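Each chain, letter by letter, is given below.
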Amino acid sequence: MTRPASTERLVLSPAGFRDLVRHALPAPRTEMAAVATDPLSATHRGPSDFDLNPELSRDFARAADAALAASKPIKPAAVLVPVIARPELTLLFTLRTNDLPAHAGQIAFPGGKAEPFDADPVATALREAQEEIGLDPSYVEPLGALDLYLTGTGYRITPVVALVDPGAPLTLDPREVADAFEVPLGFLMDPANHQRHSRIIGGQERHFHAMPFEGRFIWGATAGILRNMHERLFSS
């Protein structure tokens, strides 16, 4: 398939986006084998929280070795990257509540760690989306998987790109999700809107990708996954 020019790709119809993803990305279910057979960070080759902080990878490698010795491998997880099939495509995000033990108050995709009963990353992403925002799987069409994303907290995430019916009703779990909102896909896939920021975390300066939008600060792993989405689907 010949990809359209970049300006055209930013205004794809739902059908055009479906065609692009299915030609550019592997089926989500094929990604589970990589997580199951390669659970450690030592051979991770995809994007990660360490891309802008390479010096931190040494500490993480030591922690991974210790985890392996304690039979605690890197943990598989999955998120749903929900593209709402509007005439102008949008991406759906959640705002996590402020009292969660991890990543409180941050913007994220619906998702979480894989459970033993999940058949594959699609099952994990759909289950978590239903639990967090009440998104019924019947409204979701999984299309493909982005590259596995390794977080500094030891999760290796499969981002499952999917088209979502704009008529899907949502019911937010107030224990986990304070809000759900949409951002135009064209804005997020425009490299002019991709920024780099830094802040002191745990006494050390950390650098990260960010994509601020109308008072919403999208950053960290979520922004890193969006950057990978741009590279896989919309870069020349």
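A. Structural context of the environment of Pro82. Examined against the element boundaries, Pro82 turns out to sit in strand β1 (residues 75-84). Note: C-alpha distance between Pro82 and Ala129 (47 residues apart in sequence) is 9.4 Å. Those residues in contact with Pro82, other than ones at most four positions away along the chain, are Thr90, Leu91, Leu92, Phe109, Pro110, Ala162 and Val164.

B. The arrangement of the sheet that holds strand β9 (residues 195-201) in detail. One open sheet holds the three strands; their spatial order is β9-β10-β11, and the pairing between them is antiparallel. Taken across any chain shown, the strands that pair with only one partner, and hence form the sheet edges, are β9 and β11 (216-219). Across this sheet, the average inter-strand angle for adjacent strands is 50°, counted without regard to direction. Sheet topology places β9 next to strand β10 (residues 204-213); seven bridges connect them, and they run antiparallel. By the bridge assignment for β10, Ser198 is matched with His207. Set on the sheet, helix α7 (residues 220-234) makes contact with β10 and β11; between it and β10 the angle comes to about 60°.

C. Spotlight on the packing of aromatic side chains. One pass over the full model with this rule turns up five aromatic pairs. Taking the centre distance of 5.8 Å and the plane angle of 25° together, the rings of Phe93 and Phe181 count as stacked. Of this pair, Phe93 sits in strand β2 (residues 90-96) while Phe181 is found in strand β8 (residues 177-184), placing the two residues 88 residues apart along the sequence. The exposure class assigned to Phe93 is buried, which follows from its relative accessible area of 0%. An aromatic cluster is defined as three or more aromatic residues linked by ring pairs; in this entry it consists of Phe93, Phe109 and Phe181. Between the NZ or CZ atom of Lys75 and the centre of the ring of Tyr155, over which it lies, the distance is 4.7 Å. Directly above the ring of Phe181 sits Arg216, whose terminal nitrogen or CZ lies 4.0 Å from the centroid.

D. Here's a closer look at the confidence of the model for the protein chain. Overall, the predicted model of the protein chain reaches an average pLDDT of 83, with 78% of residues at or above 70. A low-confidence stretch, residues 30-42 (pLDDT under 50), is modelled with 26 contacts involving residues beyond four sequence positions or located in other chains. Confidence drops under a pLDDT of 50 for residues 66-71, and excluding neighbours within four residues, the segment shows three contacts in the predicted structure.

E. Geometry of the nonpolar core. Within the largest apolar cluster, 34 residues are counted, with the highest numbers of intra-cluster contacts made by Phe17, Leu91, Phe93 and Met229. Every element with two or more residues in this core is listed here: α2 (14-24), β1, β2, β7 (155-164), β8, α6 (185-188), β10 and α7. When residues in this core are grouped by element, the largest group, five residues, is from α7. Residues within four places of Phe17 in sequence aside, it is in contact with Leu12, Val83, Leu89, Leu143, Val161, Leu163, Leu185, Met229, Leu233 and Phe234. Listed in part, the 16 residues of the second largest apolar core include Ala129, Leu135, Val160 and Ala168.

F. The arrangement of the side chain of Thr97 in detail. Topologically, Thr97 is positioned in the loop between β2 and β3 (107-108). Of note is the side chain of Thr97, whose polar atom sits 3.2 Å from the backbone oxygen of Arg175.

G. Spotlight on the packing of α2 against α7. At a closest axis distance of 10 Å, the pairing of α2 and α7 adopts a crossing angle of 90°. By the angle between their axes, α2 is roughly perpendicular relative to α7. Contacts between α2 and α7 pair Phe17, Leu20, Val21 and Ala24 from the former with Met229, Arg232, Leu233 and Phe234 from the latter. A per-class count over the contact of α2 with α7 returns seven nonpolar, no polar and one charged.

Each value, and the rule that gives it
- Residues numbered from 1 in each chain as written.
- Predicted model: local features only at pLDDT ≥ 70, side-chain atom pairs only at ≥ 80, totals over all residues.
- Heavy atoms only, no water.
- Helix = DSSP H or I, 4+ residues; strand = E, 2+ residues; numbered from the N terminus.
- Contact = heavy atoms within 4.5 Å.
- Pairing = 2+ DSSP bridges.
- Axes fitted to C-alpha atoms, helices over the stretch in contact; angles between N-to-C directions.
- Phe/Tyr/Trp six-rings, centres within 6.5 Å; stacked < 30°, edge-to-face > 60°.
- Buried < 20%, exposed > 50% of the residue type's maximum accessible area, 1.4 Å probe, protein only.
- Lys NZ or Arg CZ within 6 Å of the ring centre and 35° of its normal.
- pLDDT = per-residue confidence, 0-100.
- Core = buried A, V, L, I, M, F, W, Y, C linked by side-chain atoms within 4.5 Å.
- Polar contact = N/O pair within 3.5 Å; in protein donor to acceptor, adjacent residues only side chain to side chain.
- Parallel < 35°, antiparallel > 145°, perpendicular 65-115°, else oblique.
- Nonpolar A, V, L, I, M, F, W, Y, C, P; charged D, E, K, R; others polar.

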